[in-house]
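A look at the structure
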Amino acid sequence: MKLLYLEARKGILRKSVLIALILFLCLDVLKIGMDYQAGAIREVIGNTEGMRAGFAELYTKSKGPITNETAGFLAGEFQRLSRTVADETYSHEPQEGTYSGYIFGDYYLIGAYFYTPMSYCVQYSARMEERLRQERDNLDFYQSAGNSFMAAKSSYILRHYANRSVSSFYLMDGWASLLKYDFSHLLILLLLILGIAASFTREKETGMTMLLASSKRGGWPMLASKCGAAILYAVGLTMVFSLLNLAVYGFLLSVEGWNCPLYAMEAYQDTPFNGTVEQFYLLSCGMKALGFSILALLLLLLSACLQRTLYPCILGAGAGILASYLSGWIASPVWWKGLLSAISPLSLTRAWDLWSCLCGNRLGNLYLPRSFTVLLIQLALAGILLWAVRRKSC
């Protein structure tokens, strides 16, 4: 533990790193706030005060467990306003007894934010049952044709997509934005470079390498402390930014529906994940922590291979840019793009792409979801990086 603390104090707990961390946390909060004010998270926020007030009133009346009363209220209001707007005889002046102050404003609010999402929730179970019925027919066909891979995929769908329903209605745009929010990933990458890139080069530049290697606690203990400090640093940064993002989104949007199934969000209607939104957020944080930990090991390897601190900083930034670019192919149906993206540690930071739809790979006659393929490859990559760091430093 003393060696671990020593390594953390030499690289991670330096004043420059801590100052950068505080500044980046403030920058992260500022970015979310600017997106919120611009209406990039929830468009109505950037609208008039009357629209915001009408939105709040309608949301209070409709959120919570889906009942005949709430569903009927939204359907009735939407149909009434649709008829009024369709004949184009409605007044364009402010109207008493409206939610937003204008008839068309009410029509827009209910249609865009309430009626359509409520319809999705109410109809989800029936649509999924129809899909499963078609998948049973597909399974019979693939089995009769001897296509074992597609039969395995159909069996996977029948096992993981059965008995689904959405019983509560909450606006999930805040969660959808939070799950895809990736500006903090850039800040974490920069902090990793700042804290880890000099782990070995600092000792080379000061002539301490041979002295440390010949000491009683050099070699393996020193290597383990460096790797441990780097991994803990990456995990810690991920948790700090994830908690901060959740707190800021919760403060601005009062994000609700955390106990709803992930497929309550229309963007995740085809997800193979059967847990709640809260569980998925925890899963995505864990995947990010693993991805940034592997990136930290890569930075350690660069530091062990090079002589000057500037070089691993430059190459680390380049590796981060390349990894980020490759991760954009994570849901690609093209096999070589999927393979390259699976090698990128930052693919683990794109849980929304990995789990938003069913995409997988063939392993013999087995169907393996791509998320598991990426995890297996990244764990193997972590082992290779640990071995390579040991070879270069011991």
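As a reminder, the structure under discussion sits directly above these lines.
Residues numbered from 1 in each chain as written. Predicted model: local features only at pLDDT ≥ 70, side-chain atom pairs only at ≥ 80, totals over all residues. Heavy atoms only, no water.

Quick notes on helix α13 (residues 310-327)
This is how the line gets drawn: Only runs of H or I of at least four residues qualify as helices and only runs of E of at least two qualify as strands under DSSP, and these elements are numbered from the N terminus. Helix span, as expected, comes to 1.5 Å for every residue beyond the first. Accessible area is worked out with a 1.4 Å probe on protein chains only. A residue is then buried under 20% of its type maximum, exposed over 50%, and partly exposed in between. The arc in question is the one traced by the directions running from the helix axis out to the C-beta atoms.
For α13, which comprises 18 residues, the first-to-last C-alpha distance of 26 Å matches the rise-based estimate of 26 Å (1.5 Å per residue) to within 8%. The complete set of buried residues in α13 reads P312, G316, G320, A323, L326 and S327. Down the axis of α13, the smallest arc covering the buried residues is 130 degrees, so these residues share one side. Exposed and oriented more than 90 degrees from the buried face of α13 are L310, I314, I321, L322 and Y325.

A few points about the pattern of salt bridges
What counts, and what does not: For this document, the term salt bridge refers to a Lys or Arg side-chain nitrogen within 4 Å of an Asp or Glu carboxyl oxygen.
Per the stated rule, a full pass over the model turns up 9 salt bridges. The shortest N-O distance in the salt bridge between K63 and E256 comes to 3.2 Å. A residue pair is termed long-range when its members are at least 10 positions apart, and K63 in the loop between α3 (49-62) and β1 (64-65) and E256 in the loop between α11 (220-253) and α12 (277-305) qualify at 193 residues. Since its relative accessible area comes to 24%, E256 is described here as partly exposed. Residue R131 pairs with D270 through a salt bridge whose shortest N-O separation is 2.9 Å. Placement of R131 in helix α5 (residues 103-145) and of D270 in the loop between α11 and α12 is noted, with a sequence separation of 139 residues between them. Within the structure, one salt-bridge network assembled from shared partners comprises E130, R133 and D137.

Digging into α12
Under the 1.5 Å per step criterion, the end-to-end length of α12 is 42 Å for 29 residues, consistent within 8% with the ideal 42 Å. The element α12 is largely enclosed, with a buried count of 21 among its 29 residues.

Comments concerning the packing of aromatic side chains
Let me state the cut-off plainly: When the centres of two rings from Phe, Tyr and Trp lie within 6.5 Å, Trp using its six-membered ring, the rings pair. Their planes under 30 degrees apart give stacked, over 60 give edge-to-face, and anything left gives tilted. Cation placement over rings: the criterion is NZ of Lys or CZ of Arg within 6 Å of the ring centroid and within 35° of the ring normal.
This model, assessed by the stated rule, comprises 19 aromatic pairs. Between F78 and Y115, the ring centres sit 4.1 Å apart and the planes meet at 10 degrees, which makes this aromatic pair stacked. Of the two residues, F78 sits in helix α4 (residues 68-86) while Y115 sits in helix α5, which places them 37 residues apart along the sequence. Accessibility expressed as a relative area gives 17% for F78, which makes it buried. Note on Y115: relative accessible area 25%, which makes it partly exposed. What links up through ring pairs into an aromatic cluster is the set F55, Y59, Y108, Y113 and F114. Taking NZ or CZ as reference, R164 lies 4.3 Å from the ring centre of Y161, over its face. Lying over the aromatic face of W329, K337 brings its terminal NZ or CZ to 5.3 Å of the ring centre.

Concerning the environment of S177
Note the cut-off: Here a polar contact means two N or O atoms within 3.5 Å. Within protein one must be a hydrogen donor candidate and the other an acceptor candidate, and residues neighboring in sequence count only if both atoms are side-chain atoms.
Position of S177 relative to the elements: it lies in helix α7 (residues 173-180). Through-space distance from the C-alpha of S177 to that of S167 is 22 Å; in sequence the pair is 10 residues apart. Reaching out from S177, the side chain makes a polar contact with the side chain of Y249 at a distance of 2.8 Å.

Notes on a nonpolar patch on the surface
Spelled out, the test is: Residues forming no salt bridge and having over 30% relative accessible area are the ones grouped into patches, like charges within 9 Å of each other and nonpolar side chains (Val, Leu, Ile, Met, Phe, Trp, Tyr) within 5 Å. Here the open area of atoms and residues is found with the Shrake-Rupley method and a 1.4 Å probe, where only the protein chains shown may cover a residue.
Residues V334, W335, W336, L339, L340 and I343 make up a contiguous nonpolar surface patch of about 590 Å² in total accessible area. Here L339 is to be found in helix α14 (residues 335-343). Residue L339 is classed as partly exposed on the basis of its relative accessible area of 42%.

A look at the packing of α5 against helix α6 (residues 148-160)
For clarity, the cut-off: Only C-alpha atoms enter the line fits that serve as axes; for helices the fit covers just the stretch in contact. Angles between N-to-C directions range over 0 to 180 degrees. We call two directions roughly parallel when the angle between them is under 35 degrees, roughly antiparallel when it is over 145, roughly perpendicular when it lies between 65 and 115, and oblique otherwise. For a crossing to be left-handed, the near helix must be turned anticlockwise from the far one by less than a right angle; the clockwise case is right-handed. Note on contacts: a residue pair qualifies if any of its non-hydrogen atoms lie within 4.5 Å across the two residues. Gly is put with the polar residues, along with every residue not named as nonpolar or charged; the nonpolar set is Ala, Val, Leu, Ile, Met, Phe, Trp, Tyr, Cys and Pro, and the charged set is Asp, Glu, Lys and Arg.
For the pair α5 and α6, the least separation of the axes is 9 Å and the interaxial angle reads 155 degrees. By the angle between their axes, α5 is roughly antiparallel relative to α6. Read as a crossing pair, α5 and α6 show a hand that is left-handed. Taken together, the residues of α6 that come into contact with α5 (itself represented by R131, L132, E135, R136, N138, L139, Y142 and Q143) are M150, A151, S154, S155, I157 and L158. Looking at side-chain class alone, the contact of α5 with α6 contains 7 nonpolar, 4 polar and 3 charged residues.

Remarks on the environment of R202
Within the element layout of this structure, R202 appears in helix α9 (residues 201-206). With 191 residues separating them in the primary sequence, R202 and G11 have C-alpha atoms 9.2 Å apart.

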